Amino acid sequence: MSRVKKGVTKHQRHKKILKLAKGYRGSKSKLFRPANEQVLKSLAYSYAHRKDNKSNFRKLWIARINAAARMNGMSYSRMMNGLKKAGVSVNRKILAELAISDAAAFTEFVNVAKVQING
């Protein structure tokens with residue numbers, strides 16, 4: 001009975017893992033076993049933290065909107081409440097971008113929110 005030799009397959013698998021492990025420190029980028037362990041960990045971390053990334057960006061947008069809103073004499077929560085009552089549906093990402101790049105347009109949004117809050 002003939003046997004199955006794994007030479008080529010094993011070599012390709014090792015090369016694939018070592019390519020993924022490029023840039024790691026020490027033996028984690030040179031030797032297969034530590035590289036494999038680290039690659040598996042790294043892939044798990046990247047999967048888990050993709051979810052965190054979304055949360056981090058939302059926090060950043062809110063901080064930017066709040067800062068710009070306060071420069072226009074209004075708090076973040078009151079501004080968002082006013083925009084919601086006015087029926088303006090602009091997401092936080094766009095508002096944050098406007099706060100940085102186009103202050104005049106952002107001020108218009110603040111004015112719309114003020115009109116709704118003050119009646």
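Quick caveat: nothing in here was measured; it's all calculated off a predicted structure. (Residues numbered from 1 in each chain as written. Predicted model: local features only at pLDDT ≥ 70, side-chain atom pairs only at ≥ 80, totals over all residues. Heavy atoms only, no water.)

### A closer look at the side chain of Ser-29
Relative to the elements of secondary structure, Ser-29 occurs in the loop between α1 (7–20) and α2 (32–71). Within the structure, Ser-29 has its side chain in polar contact with the backbone oxygen of Gly-26 (distance 3.2 Å). With residues near it in sequence (within four places) discarded, Ser-29 still touches Leu-18, Ala-21, Gly-23 and Tyr-24. (Helix = DSSP H or I, 4+ residues; strand = E, 2+ residues; numbered from the N terminus. Polar contact = N/O pair within 3.5 Å; in protein donor to acceptor, adjacent residues only side chain to side chain. Contact = heavy atoms within 4.5 Å.)

### What about the packing of α1 against α2?
Two elements in contact, α1 and α2, have axes separated by 9 Å at closest approach and are oriented at 60 degrees. Of the possible angle classes, the one that applies to α1 and α2 is oblique. The crossing of α1 and α2 is left-handed. Across the interface between the two elements, Arg-13, His-14, Ile-17, Leu-18 and Leu-20 of α1 pack against Phe-32, Ala-35, Asn-36 and Val-39 of α2. (Axes fitted to C-alpha atoms, helices over the stretch in contact; angles between N-to-C directions. Parallel < 35°, antiparallel > 145°, perpendicular 65-115°, else oblique. Left-handed = near helix turned anticlockwise from the far one by under 90°.)

### Some thoughts on the nonpolar core
If you look at the biggest cluster of nonpolar residues, it comprises 16 residues, and the most contacted ones within it are Ile-65, Met-79, Leu-83, Leu-95, Phe-106 and Phe-109. For this core, the elements supplying multiple residues, two or more each, are α2, α3 (76–86), α4 (92–101) and α5 (103–118). (Core = buried A, V, L, I, M, F, W, Y, C linked by side-chain atoms within 4.5 Å. Buried < 20%, exposed > 50% of the residue type's maximum accessible area, 1.4 Å probe, protein only.)

### Overview of a positive patch on the surface
A cluster of basic residues, Lys-6, Lys-10, Arg-13 and Lys-16, forms a positive patch at the surface. One can find Lys-10 in helix α1. (Patch = residues over 30% accessible without salt bridge, like charges linked within 9 Å, V, L, I, M, F, W, Y side chains within 5 Å. Areas by Shrake-Rupley, 256 points an atom, 1.4 Å probe, with all protein chains shown as cover. Salt bridge = Lys/Arg side-chain N within 4 Å of Asp/Glu carboxyl O. Lys, Arg positive; Asp, Glu negative; His and termini not counted. Charge placed at Lys NZ, Arg CZ, Asp CG, Glu CD.)

### Describing the environment of Asn-111
As for its placement among the helices and strands, Asn-111 is situated in helix α5. Take Asn-111: its relative accessible area is 33%, and that puts it in the partly exposed class. Considered as a pair, Asn-111 and Ala-35 are 76 residues apart in the sequence and their alpha carbons are 56 Å apart.

### What to know about the packing of aromatic side chains
What the rule picks out here adds up to one aromatic pair. When the centroid spacing of 6.0 Å and the interplanar angle of 35 degrees are considered together, the rings of Phe-57 and Trp-61 count as tilted. Here Trp-61 and Phe-57 lie together in helix α2, a separation of four residues that amounts to about one turn. Residue placement shows Lys-51 over the ring face of Tyr-47; its charged tip is 4.5 Å from the ring centre. (Phe/Tyr/Trp six-rings, centres within 6.5 Å; stacked < 30°, edge-to-face > 60°. Lys NZ or Arg CZ within 6 Å of the ring centre and 35° of its normal.)

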